[in-house]
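# Survey of secondary and tertiary structure
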Amino acid sequence: MLCLQTSFTMKKQFIHQTALVETESIGEGTSIWAFAHVMKHARIGSNCNVGDHCFIESGAEIGNNVTIKNGCMIWEGITVEDGVFIGPNVLFTNDRYPRSPRLPEAEKRYSTKNWLLPTRIKRGVSIGAGAVLMPGITIGKYATVAAGAVVVKDVPAFGLVVGNPARQRGWVCKCGQVLTFKNKIGECQNCKSTFKMENNLTVQLIG
Amino acid sequence: MLCLQTSFTMKKQFIHQTALVETESIGEGTSIWAFAHVMKHARIGSNCNVGDHCFIESGAEIGNNVTIKNGCMIWEGITVEDGVFIGPNVLFTNDRYPRSPRLPEAEKRYSTKNWLLPTRIKRGVSIGAGAVLMPGITIGKYATVAAGAVVVKDVPAFGLVVGNPARQRGWVCKCGQVLTFKNKIGECQNCKSTFKMENNLTVQLIG
Amino acid sequence: MLCLQTSFTMKKQFIHQTALVETESIGEGTSIWAFAHVMKHARIGSNCNVGDHCFIESGAEIGNNVTIKNGCMIWEGITVEDGVFIGPNVLFTNDRYPRSPRLPEAEKRYSTKNWLLPTRIKRGVSIGAGAVLMPGITIGKYATVAAGAVVVKDVPAFGLVVGNPARQRGWVCKCGQVLTFKNKIGECQNCKSTFKMENNLTVQLIG
């Protein structure tokens, strides 16, 4: 049964009555909302929220405490680590040169899965509404992808990327606020975490 | 009951049999199509059309004569005035620095609703397919947002904005046609309305 | 009945139990997945795949061997030829100056269908995730539209277009791989097809 509840510590799952859930790998406390479809062998951790009209494909891997807003599709080859925010209609991809596998000129390529390029979204990342991610990339921990960005290469930890194609415009704290640096040291105005800029390409949390 | 019909002036509502409608605030003559989900306490006026796979959240406010094409999500904090056109998969947002509220590093921010930034779409506006609107902005009356635009700031009344980030490229009539100006006066080739350019930043309907 | 099977050559259709299929014009071997909606008088050829949450409008024309990923909407006026790949949430449009037809200032325009501009997607084309196509254009055979592109004009056969607005960045083979040219001759590293560049604007398959 998909709806679990014990008298001890286990938190109840919520599966909306219109959702289709074909996997058994959904953690405790996770909610799956209306008209969503989670395929067999997809894995979703505990305490997640999967919005209306989402599609989670067999082979997708989703950690704990992940928020997936409405209309997202998480394909085979996509790994989403703990605490990630995926905005509405965010689009992942796993094929760099897609063709219809039913087109005779392309069907040979789809006789194996060599076309599949994996994507990894690391802990605490936020991906804004309608962003598109090209396949084969890694979004570093706590990075933020702005709404509407089209990401064509890796994003460093704590990086903020914007635009089409997405370019780095700054850095964000693990709590999500934009950081300002002075003499290579940044302090978050919100949660008071401090960061050191190693060079212009990487930032490290120091306190 | 959701389907109303009287023998007098009241126009029938249409709620598709697969739609989920949890609010009682839907005006007469409004249609809600397949697999759409309208939450409790959302408000939708009369004579609107809400396409397949839309999601209207509690707290969203939608006026009369509004056309919402398929796959749109209207969140809490979004106000849509009368006569607006919202193209397919248009994306609104209401949080400038989103994180998963389930991420311990961010959960404090979500203990109140201070993170929520409202958006207002004024009378007669059109928003093209797949446009993305950053939170906290106002789209002025009869403005047009082009398909695929990413809007990061307010748009003036009758303004036409295009691109990522969206920039103003011209002006449109209340009927939707693009205006050309000569000596600061513009006449719509379609509906013959006339406009005066006040400066390069605002336009006024004069006849 | 929608599910056909004969003991001879006819391939079975698959219609997911949650899909709404109102047309009778669906070819053999075609699959329609969960929460998809195909309207009356839409036409879909044989051996196609229509993903979850798609919407195919009355008047849309779809050929054979077409792959339509999740969340796509194919409107009246859109013609999709054989062997096309349409990525997730690709957005077509058919109205250049949309307004809500329910807005009194615009309703005259919607009293006829003169506003409708057709779009044609030719054989073997690929359209990447989340791309947006302005109305009234033709995508030439085997062209590729990159993920996240906003296409505002015709794309030549074998062309590769990228960005917002989409600009041509190169050429692709009928199998989907990017081509490199030397002395106006290109050979596909993957399928060994050869191409001749006629001028900088067109490319022809020569072997």
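Residues numbered from 1 in each chain as written. Chains lettered and ligands numbered in written order. Predicted model: local features only at pLDDT ≥ 70, side-chain atom pairs only at ≥ 80, totals over all residues. Heavy atoms only, no water.

### Points about the interface of chain B and chain C
The condition is simple: In this description, contact between two residues means that some pair of their heavy atoms is separated by no more than 4.5 Å. Once two parts are put together, the accessible area they lose, assessed with a 1.4 Å probe and summed over both, is termed the buried area. We define a salt bridge as a side-chain nitrogen of Lys or Arg found within 4 Å of a carboxyl oxygen belonging to Asp or Glu.
With 40 residues of chain B at the interface, the matching set in chain C holds 29 residues. Summing both partners gives a buried area of about 2,600 Å² for chain B against chain C, and 59% of it is carried by carbon and sulfur. When the buried surface of chain B facing chain C is broken down by residue, F35, H53 and N89 of chain B rank first, second and third, together holding 18% of it. Summed over the shared surface of chain B and chain C, the number is one salt bridge. For R123 of chain B, the salt bridge identified is with E105 of chain C, shortest N-O distance 3.0 Å.

### Some thoughts on the relation of the copies chain B and chain C
Put simply, the rule is: Superposition of the copies used a least-squares fit over C-alpha atoms from residues whose pLDDT is at least 70 in both.
In the superposition of chain B on chain C (RMSD 0.0 Å, axial shift 0.0 Å), the rotation amounts to 120°. Taken together, the rotation angle and the small translation identify this as a three-fold axis. An asymmetric contact is evident, with only 15% of the interface residues of chain B recurring at the interface of chain C.

### As for the domain arrangement of chain A
All names here are of chain A. Counted only if it meets this: Domain extents, as shown, originate in an automatic or database domain assignment. A 3.5 Å cut-off defines polar contacts: any pair of N or O atoms within that distance qualifies, except that in protein one atom must be a possible hydrogen donor and the other a possible acceptor, and neighbouring residues in sequence count only when both atoms are side-chain atoms. Side-chain classes follow a simple rule in which Ala, Val, Leu, Ile, Met, Phe, Trp, Tyr, Cys and Pro form the nonpolar group, Asp, Glu, Lys and Arg form the charged group, and the remainder, Gly included, forms the polar group.
By domain assignment, chain A separates into domain 1 (14–172) and domain 2 (176–207). On a C-alpha basis, the centres of domain 1 and domain 2 stand 27 Å from each other. Taken together, the contacts link five residues of domain 1 with 12 residues of domain 2. Note on domain 1 versus domain 2: buried area summed over both sides is about 650 Å², and carbon and sulfur give 72% of it. For the domain 1 face of the interface with domain 2, the top three residues by lost area are F158, W171 and V172, together amounting to 85%. There are zero salt bridges connecting domain 1 and domain 2. On inspection of domain 1 and its partner domain 2, the count reaches one residue pair in polar contact (both at pLDDT 80 or more). Among the residues forming the side of domain 1 that touches domain 2, the class breakdown is five nonpolar, no polar and no charged.

### Brief notes about the sheet that holds strand 23 (residues 185–187) of chain B
Residues and elements named next belong to chain B. Under the convention used in this document: Here, strands pair whenever DSSP counts at least two bridges between them. The helix count covers DSSP runs of H or I at least four residues long, the strand count covers runs of E at least two residues long, and both are numbered beginning at the N terminus.
Read across the sheet, four strands follow the order 22-23-24-25 without closing on themselves; strand pairing throughout is antiparallel. Edge positions in the sheet fall to strand 22 (181–182) and strand 25 (203–205), since each has one partner strand and no second. With three bridges connecting them, strand 23 and strand 24 (residues 194–197) associate as antiparallel partners. Counterpart to G186 in the pairing with strand 24 is F195.

### Focus: the pattern of salt bridges
Residue and element names in this part refer to chain A. The condition that has to hold: Only protein chains enter the accessibility calculation, which uses a 1.4 Å probe. A residue is then buried if its area is under 20% of the maximum for its type, exposed if over 50%, and partly exposed in between.
The final tally for this structure, using the stated rule, is 15 salt bridges over all chains. Put simply, R120 and E81 hold a salt bridge, and the shortest N to O gap is 2.7 Å. Of this pair, R120 sits in strand 14 (residues 119–121) while E81 is found in the loop between strand 12 (78–80) and strand 13 (85–86), placing the two residues 39 residues apart along the sequence. For R120, a relative accessible area of 35% puts it in the partly exposed group. On the accessibility criterion, E81 (22% relative accessible area) is partly exposed.

### Quick word on the pairing of strand 21 (residues 167–171) of chain C
Residue and element names in this part refer to chain C. Sheet topology note: the strand 20 (residues 159–162)/strand 21 ladder contains four bridges and is antiparallel. Following the sheet pairing, L160 is matched in strand 21 by G170. A loop of four residues connects strand 20 with strand 21, the two strands running antiparallel in sequence, and G163 in this loop sits at a positive phi of about 95°.

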